[in-house]
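Now for the letters of each chain:
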Amino acid sequence: MKYKVKDIKLADLGRKLIETEEPEMPGLMQTRTKYGPKKPLKGARIMGSLHMTVETAILIETLKELGADVRWASCNIFSTNDAAAAAIAKTGTPVFAWKGETVEEYWWCTKEAMTWPDGKGPDLIVDDGGDATLLIHKGLEAERRLAAVKESKVVKESKGIDSLKCPKDLKDFKDFKDIMGLGDLSAEETALYFTIFTTLKKSPHWFSEAAARVKGVSEETTTGVHRLYQLEAKGELLFPAVNVNDSVTKSKFDNIYGCRESLVDGIKRATDVMLAGKNAFVCGYGDVGKGCAESLRENHCRVRVSEVDPICALQACMAGFDVGTVEDALRWANLFVTTTGNVDIITAEHMAKMRDRTIVCNIGHFDDEIQVARLMSWPGVKRTNIKPQVDKFTFPDGHSIYLLAEGRLVNLGCATGHPGFVMSNSFTNQCLAQMKLWKERASAKPQVVRLPKELDEEVARLHLAACGAKLTKLTKRQADYIGVNVNGPFKPDYYRY
Ligand code: NAD
Ligand code: RBV
């Protein structure tokens, strides 16, 4: 299939949106001018799993300008801008994404974006949250397990599948789950493993061949980076990885200033609520939490935050926020926002005790910060859909809460994500990371690295003119005095910004 988007007729609108946003992304436009003529990504097949927004469309067209052969899927079921997706598909770049995918469709799209017309996989991955990387790692694990089972007696011992010759003769998904020893799976895990099952049924060595081909991944977000370091620590990381999130010009800009703009955008587009005078509770005061708390205060909410880390809690105090627990805020808050990248932050029990008409949303990467599945199956709870991505849940005692984007990233599910200017910083880092991975493909090891500080400073430099900023130049005497080079890097690696 060449592409699958909501409606290809939206391409003209998408193109206008892209052209309007391009001047807001000077880092990407200058990357095209500087590196485009040399085509440093020539020959590279790049698969992307990253929100299919207008900003991402400009990243995709930059990667193409650098010479890459690109295929794309979104990394969230609600985050696609259908017009942007159509505009990219119309140029001949395969896109598999639309707003409002089911989880089954989501994993199908991811695998489709990963499969080139010759049936083989990508050379490089741009990942956001780690799902493309996860598919290859879990797929390879399954392929190996099936091969091992084939060689052992386990097949005979397992229920009713004595004659199984793995994996081509797998009868159904239940056989596969039995062999893999998969117990109760969530809907999301079921969809992931079903995609692995159908892939292996058709092509028993697909994942080992794909894993051998991939030369690297660049990871966009905090949660995806955590997953990569966990794989590396276990010795299971299959290919080199660049941690884009921890470039200073990414996490200290996108995560803070991006969320500072797009959180409130999402809440307002979803609810039209008057924020001034409301009590808002932000769970987590890391980078995202800092941007969220500040924006709610700027909108004249009273803001409290929660933290587990005493350093971040003290930072919140110094910024003038109250620090407390979710439990203590249940009868106080009109709005809860989760920003932790952790699980079970707002439980179904919490929601059962909240004030009437409390708004609950998440801006962290995955939806398990809020116990959405437990909320949906809470005894006697009634769900009323108000409009796409806005649901009212009424509890038996008569109080209701409003859940935005089914607990998925509210800024991308209910609005259009961060603005272009901040994404230009993030995505310029992505381009530099992809060029590094491709250039070093013959020698790089399967480990997680960051981009050098020189490049981080360069990304910032590319965005200064648009803000009308004029840099001061160090004299040689000043540079020697503080122990740096006149042209940078200006800080040691341990500096925290
Ligand atoms: P971070 O590590 O800087 O911040 C998370 C904070 O949550 C930490 O300070 C941690 O101590 C705190 N925390 C953990 N468990 C907690 C708990 N039980 N209660 C209270 N606090 C707790 O990470 P970040 O860069 O701020 O990213 C947070 C999440 O947002 C990640 O999932 C990331 O991928 C995602 N993200 C989303 C967007 C977006 O546009 N929606 C942008 C950037 C990052
Ligand atoms: N994010 N992308 C956008 N407009 O395309 N907005 C936010 C956009 C990214 C951001 O970099 C963050 O790390 C990631 O989404 C979380 O999935």
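Described below are features of the structure shown in this document. (Residues numbered from 1 in each chain as written. Chains lettered and ligands numbered in written order. Predicted model: local features only at pLDDT ≥ 70, side-chain atom pairs only at ≥ 80, totals over all residues. Heavy atoms only, no water.)

In this section: the overall build of the chain. The number of helices and strands found in the chain is 21 helices and 15 strands. Over its C-alpha trace the chain gives a radius of gyration of 24 Å, about what one expects of a compact globule, namely 23 Å for 497 residues. Judged by the C-alpha coordinates and their principal axes, the chain covers about 75 × 65 × 45 Å. Sequence separation of 24 or more characterises 72% of the internal contacts of the chain that already satisfy a separation of 6 or more. When the accessible surface of the chain is totalled, it reaches about 22500 Å², and 53% of it is carbon and sulfur. In the chain, the 69 positive side-chain charges and the 66 negative ones have mean positions that sit 3 Å from each other. (Helix = DSSP H or I, 4+ residues; strand = E, 2+ residues; numbered from the N terminus. Rg over C-alpha atoms; globule rule 2.2 N^0.38 Å. Contact = heavy atoms within 4.5 Å. Areas by Shrake-Rupley, 256 points an atom, 1.4 Å probe, with all protein chains shown as cover. Lys, Arg positive; Asp, Glu negative; His and termini not counted. Charge placed at Lys NZ, Arg CZ, Asp CG, Glu CD.)

Lining the immediate environment of ligand 2, one finds 16 residues, of which Thr53, Glu220, Lys250, Asp254 and His365 sit closest. The contact in question runs from an oxygen atom of ligand 2 to an N or O atom on the side chain of Thr53, over 2.7 Å. Between ligand 2 and His418, the relevant distance is 2.9 Å, taken from a nitrogen atom to a main-chain nitrogen or oxygen of the residue. Relative to its unbound accessible area of 400 Å², ligand 2 is 96% covered by the protein chains. Sorting the residues of the shell around ligand 2 by element identifies helix H3 (54–65) and helix H12 (248–271) as the ones contributing at least two each. In the shell around ligand 2, the residues fall into 3 nonpolar, 8 polar and 5 charged. (Near = heavy atom within 4 Å. Polar contact = N/O pair within 3.5 Å; in protein donor to acceptor, adjacent residues only side chain to side chain. Nonpolar A, V, L, I, M, F, W, Y, C, P; charged D, E, K, R; others polar.)

This part takes up the sheet that holds strand E14 (residues 400–404). Hydrogen bonds between backbone atoms are what pair the strands of a sheet, whose relative direction is either parallel or antiparallel. Here 8 strands make up an open sheet; going across it, the order is E9-E8-E7-E10-E11-E14-E13-E12 and the pairing mixed. Edge positions in the open sheet fall to strand E9 (322–323) and strand E12 (382–387), since each of these has one partner strand only. Pairing of strand E7 (residues 279–283) with strand E10 (residues 335–338), which is carried by 4 bridges, proceeds in the parallel orientation. From the neighbouring strand, Ala280 faces E10, where its bridge partner is Leu335. Here H12 sits on the sheet and contacts E10, strand E11 (358–362), E12, strand E13 (390–394) and E14; the angle it forms with E14, its principal contact strand, is near 125°. (Pairing = 2+ DSSP bridges. Axes fitted to C-alpha atoms, helices over the stretch in contact; angles between N-to-C directions.)

Attention now goes to the site of ligand 1. Surrounding ligand 1, one finds 26 residues, the nearest of these being Thr221, Thr222, Thr223, Val288 and Glu307. Measuring from an oxygen atom of ligand 1, one finds a backbone N or O atom of Val288 at 2.8 Å. In the environment of ligand 1, an oxygen atom lies 3.0 Å from a nitrogen or oxygen atom belonging to the backbone of His365. When the free accessible area of ligand 1 is taken as 860 Å², the share hidden by the protein chains comes to 85%. Listed by contribution, the elements that provide at least two residues to the shell around ligand 1 are helix H11 (222–233), H12 and helix H13 (287–298).

Here, disulfide denotes a covalent bond that connects the sulfur atoms of two cysteines. Summed over all chains, the structure comprises 0 disulfides. Cys312 supplies the cysteine sulfur nearest to Cys317, a cysteine that is in no disulfide, at a spacing of 11 Å. With a relative accessible area of 39%, Cys317 lands in the partly exposed category. Between Cys414, a cysteine without a disulfide, and Cys361, which holds the nearest cysteine sulfur, the sulfur-to-sulfur distance is 7.9 Å. (Disulfide = S-S within 2.5 Å. Buried < 20%, exposed > 50% of the residue type's maximum accessible area, 1.4 Å probe, protein only.)

What follows is about the packing of H12 against helix H19 (residues 420–439). Close contact between H12 and H19 brings their axes to 9 Å; oriented N to C, the two are set at 150°. One finds that H12 runs roughly antiparallel with respect to H19. The chirality of how H12 crosses H19 is left-handed. In contact with Thr249, Lys250, Phe253, Asp254 and Gly258 of H12, H19 contributes Val422, Met423, Asn425, Ser426 and Asn429. Residues of the contact of H12 with H19, tallied by class, amount to 3 nonpolar, 5 polar and 2 charged. (Parallel < 35°, antiparallel > 145°, perpendicular 65-115°, else oblique. Left-handed = near helix turned anticlockwise from the far one by under 90°.)

What follows concerns the nonpolar core. Ranked by size, the top nonpolar core spans 74 residues in total, and within it Phe176, Ile196, Leu296, Leu335 and Leu404 carry the most contacts. With 7 residues, the single largest contributor to this core is helix H6 (residues 131–151). Residues within four places of Leu296 in sequence aside, it is in contact with Leu263, Val264, Leu275, Ala280, Val282, Cys301, Val303, Leu335 and Val337. Listed in part, the 43 residues of the second largest apolar core include Ile18, Ala86, Ala89 and Met435. (Core = buried A, V, L, I, M, F, W, Y, C linked by side-chain atoms within 4.5 Å.)

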